[in-house]
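Here is how the chains run, residue by residue.
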Amino acid sequence: MSEATSQAQSTPEDVIGTYFLDIWRNMSKVAALKPDGTPISAFEMDVDSEEVPSELDTVNSSGGFSVIRPDKLSLLYPSVNLHEHDVGVVQANHPAPSKRLFYYFEIYVKNAGAKGQIAIGFTTSAFKLRRQPGWEANSYGYHGVDGLLYRGHTKGEAFGPTYTTGDTVGGGINYSAQEFFFTKNGAIVGTVFKEVKGPLFPTVAVHSQNEEVTVNFGKDPFVFDIKAYEEEQRAKDQSKLDNISIQQDASYRIVRCYLQHYGYEDTLKLFDVSARTNLSPASDDSLNDQYCTYALNERRNLRQLIRSGKIDDTFSTLGQLYPHVVQVSEDRFFLAAYLSKYYKDGTSAICFLLHCQKFIELLRDAKLEEAILYGRTEFQKFKSLSGVDELVKDCAALLAYEDPSKSSVGYLLHDSQRELVADAVNAAILHTNPAVKDARLCMHSSLERLIRQVTACYLEKRSLEWDQGEAFQLRRLVESGKKG
């Protein structure tokens, strides 16, 4: 990398531009997973990548004491047990997924056999597969023969009713409450605090002749109303948040700053008029206003141009008002009367975003030949810009489909892509404010920084609970509010 290139890439404008290119790359990854355009967060992508239990593990067994039927969901104890370590115990093929509110599975007791020594529970990968779940350290088991709960030793404790032929018994992990829970025939039997760390495998055991159970990992509907349980748990969590008091006008200031940050001037005026009936602007917001209201009218106009697909007008306006954003020198600006071609000469990330959007707008208008020529001419300028090759390919891929809106790159034709470009330009203009010293402050509004902080708090909470449980998901919160 040359010295000139290194210096160019270290400018605040390129810090801003690179940030928005990263957002675009993430949008591209999401579109590959969900070409229908359904929103998905990075955490949801992580959750979707978790393997979930789907069948019994036929590789690691308890030494032949039990038989797993061909469906890999039925477990039979065909022989007479002679010793306490002759248990037919089997784990699921994957540990319980942990990046969610809870996990749950059920067993149906098809035959309680000679003694009804059936058990359901959770064990670690180090568990001895010839012992009942709960008899070994770091394992928990609810046993049918006596209704006792075993956790880490062979002495059980009073817990719930016994279970036998015809009963459906379930076991779950509530990551929010950090506890195990067990059910019988659709009703919760009890809960116990989860003290064990690390991945836990759903585990079932049989220990007397002719005992047989079938396991449901979620392929079929559960007897227990898992949806009602989820709603109840979320209501408990929400009630804790609802009891936290905040300053009366805090939400007003946060929303107002958001509208200012993104140049929504018309909405801001209506918001202020509506809010004045109950609240007045905080007296200590003068410094914040000086930052957020900077070039408000100009930023509003540029956002409207980009949202309308008028990229040539955007280049022209930027060249006149903020020439260095599109890398137009002052000498060029004052010496030339026809500057439109110079407005497009820059090779910054912001310029790249604008050129890509121009290419997309030509395809929106069905100007195929003009788009091809424009792409060949303009995209060549950005060969030295790091990490844009895949984004150029996404743009070019629009040409390959008869109906690109239904393809994996159809997201480029959505309004969200225009908004991305408008946000990048907005941030670049905010950074022209002499009062702003840190380019990162131009990338997000106070509201978005607050959401990031809440997300960080949720992740910290998860780290204290061995990286288990849900992260903060704004979309789920908004949707639950709509339902309410």
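Everything numeric in this text was worked out from a predicted model, so none of it was measured. (Residues numbered from 1 in each chain as written. Predicted model: local features only at pLDDT ≥ 70, side-chain atom pairs only at ≥ 80, totals over all residues. Heavy atoms only, no water.)

**Digging into the overall build of the chain**
Assigned secondary structure in the chain consists of 16 helices and 13 strands. Residues classed as buried in the chain amount to 45% of the 484 residues present. Considering only intrachain contacts with a sequence separation of at least 6, the fraction spanning at least 24 residues in the chain is 67%. With an accessible surface of roughly 24500 Å², the chain has 52% of that area assigned to carbon and sulfur atoms. (Helix = DSSP H or I, 4+ residues; strand = E, 2+ residues; numbered from the N terminus. Buried < 20%, exposed > 50% of the residue type's maximum accessible area, 1.4 Å probe, protein only. Contact = heavy atoms within 4.5 Å. Areas by Shrake-Rupley, 256 points an atom, 1.4 Å probe, with all protein chains shown as cover.)

**Some details on the environment of Asp313**
Take Asp313: it is sitting in helix H9 (residues 311-321). Judged by its relative accessible area of 40%, Asp313 is partly exposed.

**Looking at the pairing of strand E7 (residues 148-151)**
Along any regular strand, the residues point their side chains to alternate faces of the sheet. Sheet analysis places strand E6 (residues 140-143) next to E7, joined by three bridges and oriented antiparallel. Within the sheet, the bridge partner assigned to Tyr140 lies in E7 and is Arg151. Of the pairings in the sheet, the one linking E7 to strand E8 (residues 157-158) comprises two bridges and is antiparallel in character. Within the sheet, the bridge partner assigned to Leu148 lies in E8 and is Ala158. Counting the residues in the hairpin turn of E7 and E8 gives five residues, including Gly152, whose phi is positive at 90°. (Pairing = 2+ DSSP bridges.)

**Digging into the side chain of Arg131**
Tracing the backbone shows Arg131 in the loop between strand E5 (119-123) and E6. When its relative accessible area of 15% is taken as the criterion, Arg131 is described as buried. A distance of 2.8 Å separates the side chain of Arg131 from the side chain of Glu136, its partner in a polar contact. (Polar contact = N/O pair within 3.5 Å; in protein donor to acceptor, adjacent residues only side chain to side chain.)

**Section: the confidence of the model for the chain**
Here the chain shows a mean pLDDT of 83. Residues at 70 or above account for 82%. Counting interchain partners and residues more than four positions distant, the pLDDT-below-50 stretch residues 1-10 has seven contacts. The low-confidence segment residues 328-344, where pLDDT is below 50, has 22 contacts with residues more than four positions distant or belonging to other chains. (pLDDT = per-residue confidence, 0-100.)

**Considerations on the sheet that holds strand E9 (residues 168-174)**
Taken in spatial order, the seven strands of this open sheet run E1-E2-E13-E4-E9-E10-E11, and their pairing is antiparallel. The sheet is open, and its two borders are formed by strand E1 (67-68) and strand E11 (187-193), each paired with just one other strand. Note that strand E10 (residues 179-184) and E11 share six bridges and pair antiparallel. Following the sheet pairing, Phe181 is matched in E11 by Thr191. The strands that helix H4 (residues 226-242) touches are strand E4 (102-111), E9, E10 and E11; relative to E4, the one it contacts most, it runs at about 150°. (Axes fitted to C-alpha atoms, helices over the stretch in contact; angles between N-to-C directions.)

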